[in-house]
Amino acid sequence: MRLDKWLWAARFYKTRTLATDEIAKGRVRVNSLEAKPARDIKAGDTVAMRQGPVTRTVVIRGLSQQRGAAPVAQQLYEETPESLHLREATAELRRLNNEPAASIEHGRPTKRDRRSIDKAGSKNWGDRWSASVDP
């Protein structure tokens with residue numbers, strides 16, 4: 001069975017095209033070797049894939065030619081204990097880290113800030129330069 005089709009059937013990627021693109025980018029390895037989308041896989045092979053910041057390692061337990069329900073798809077593979085532990089540790093780190101945008105104090109004003117600046121500046125008409133002469 002083709003690797004890209006199995007990744008799609010096991011619900012790791014929403015479409016076969018996405019699976020093919022990820023494989024072509026080198027984010028999926030089979031038995032510690034870089035793979036191509038048409039690579040033949042069999043039960044017992046180890047597939048390591050990077051999905052965002054997380055690397056998942058699974059052992060193929062079954063093959064399916066069609067995409068089924070999520071409970072059926074989960075029976076096609078078994079995630080390794082190291083992979084589960086790494087995913088949990090990464091999730092914990094994400095939960096404990098602060099939001100990077102929250103630390104920014106200065107920068108471009110928001111729409112609300114700009115409106116308050118404009119409102120404060122509109123009260124001082126005498127401070128503005130004008131082409132008309134005031135009597």
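Predicted, not measured: the structure shown is a model, and the values here were computed from it.

**Q** Looking at this structure, how should I read the overall build of the protein?
**A** The secondary structure content of the protein amounts to 5 helices and 5 strands. Mapped from its N terminus to its C terminus, the protein presents α and β elements in the order α-α-β-β-β-β-α-β-α-α. Buried residues in the protein amount to 25% of all 135 residues. Here the contacts in the protein between residues at least 6 apart in sequence split such that 43% fall between residues at least 24 apart. Here the protein has roughly 10200 Å² of accessible surface; of this, 52% comes from carbon and sulfur atoms.

**Q** For this particular structure, what's the right way to read the confidence of the model for the protein?
**A** Interpreting fine coordinate detail is not advised for predicted regions of low pLDDT. The pLDDT averaged across the protein works out to 87; a share of 86% of its residues lies at or above 70. Looking at the elements of the protein, mean pLDDT is at its lowest for helix H5 (residues 111–121), recorded as 84, and at its highest for strand E5 (residues 77–79), recorded as 96.

**Q** I keep staring at the pairing of strand E3 (residues 46–51) and nothing clicks. Help me out?
**A** Each regular strand displays side chains that alternate between the two surfaces of the sheet. Examined bridge by bridge, strand E1 (residues 28–30) and E3 share 3 bridges and lie antiparallel to one another. Counterpart to Val28 in the pairing with E3 is Met49. Inspection of the sheet shows E3 paired to strand E4 (residues 54–60) by 6 bridges, in the antiparallel sense. The partner of Ala48 across the bridge, within E4, is Thr57. Linking E3 to E4, which pair antiparallel, is a turn of 2 residues; within it Gly52 sits at a positive phi near 70 degrees.

**Q** In this structure, what is going on with the nonpolar core? I would like to understand it.
**A** Nonpolar side chains in soluble globular proteins tend to be buried together. Formed by 19 residues in total, the largest nonpolar core has its most connected members in Leu3, Trp6, Leu7, Phe12, Val28, Val47 and Met49. Among the elements of the structure, helix H1 (3–9), helix H2 (16–24), E1, E3 and E4 are those that each provide at least two residues to this core. In contact with Trp6, other than residues within four places in its own chain, are Met1, Phe12, Ile41, Val58, Ile60, Gly62, Leu63, Leu76 and Tyr77.

**Q** So what exactly am I meant to see when it comes to the sheet that holds E1 here?
**A** Strand pairing in a sheet takes place through backbone hydrogen bonds and is either antiparallel or parallel in direction. Strand order in the open sheet formed by 5 strands is E2-E1-E3-E4-E5, and the pairing between neighbours is antiparallel. On the outer flanks of this sheet lie strand E2 (33–34) and E5, each paired with one strand and no other. Here E4 runs beside E5; their pairing, made up of 3 bridges, is antiparallel. In the strand pairing of E5, Ile60 is matched with Tyr77.

**Q** What exactly am I supposed to notice about the side chain of Ser83 here?
**A** Tracing the chain through its elements places Ser83 in helix H4 (residues 81–96). Classification of Ser83 as buried rests on a relative accessible area of 3%. A polar contact is formed between the side chain of Ser83 and the side chain of Glu79, at a distance of 2.7 Å.

**Q** Looking at this structure, how should I read the pattern of salt bridges?
**A** For side chains of opposite charge, pairing can occur when their charged atoms come near one another. A full pass over the atoms with the stated rule returns 10 salt bridges. A salt bridge links Asp4 to Arg2, with the shortest nitrogen-to-oxygen separation between them at 3.0 Å. Note that Asp4 is salt-bridged to Arg16, the shortest N-O span being 3.6 Å. Of this pair, Asp4 sits in helix H1 while Arg16 sits in helix H2, and the two are 12 residues apart along the sequence. Put simply, Arg2, Asp4 and Arg16 are held in one network by salt bridges that share partners.

**Q** Is there a simple way to think about the environment of Thr57 in this case?
**A** As for its position among the elements, Thr57 is in strand E4. For Thr57 and Pro81, which are 24 residues apart along the polypeptide, the C-alpha to C-alpha distance reads 9.0 Å. Once you skip the residues sitting within four places of it in the chain, Thr57 turns out to touch Thr46, Val47, Ala48, Glu78, Glu79, Thr80 and Ser83.

Definitions and limits used
Residues numbered from 1 in each chain as written. Predicted model: local features only at pLDDT ≥ 70, side-chain atom pairs only at ≥ 80, totals over all residues. Heavy atoms only, no water. Helix = DSSP H or I, 4+ residues; strand = E, 2+ residues; numbered from the N terminus. Buried < 20%, exposed > 50% of the residue type's maximum accessible area, 1.4 Å probe, protein only. Contact = heavy atoms within 4.5 Å. Areas by Shrake-Rupley, 256 points an atom, 1.4 Å probe, with all protein chains shown as cover. pLDDT = per-residue confidence, 0-100. Pairing = 2+ DSSP bridges. Core = buried A, V, L, I, M, F, W, Y, C linked by side-chain atoms within 4.5 Å. Polar contact = N/O pair within 3.5 Å; in protein donor to acceptor, adjacent residues only side chain to side chain. Salt bridge = Lys/Arg side-chain N within 4 Å of Asp/Glu carboxyl O.

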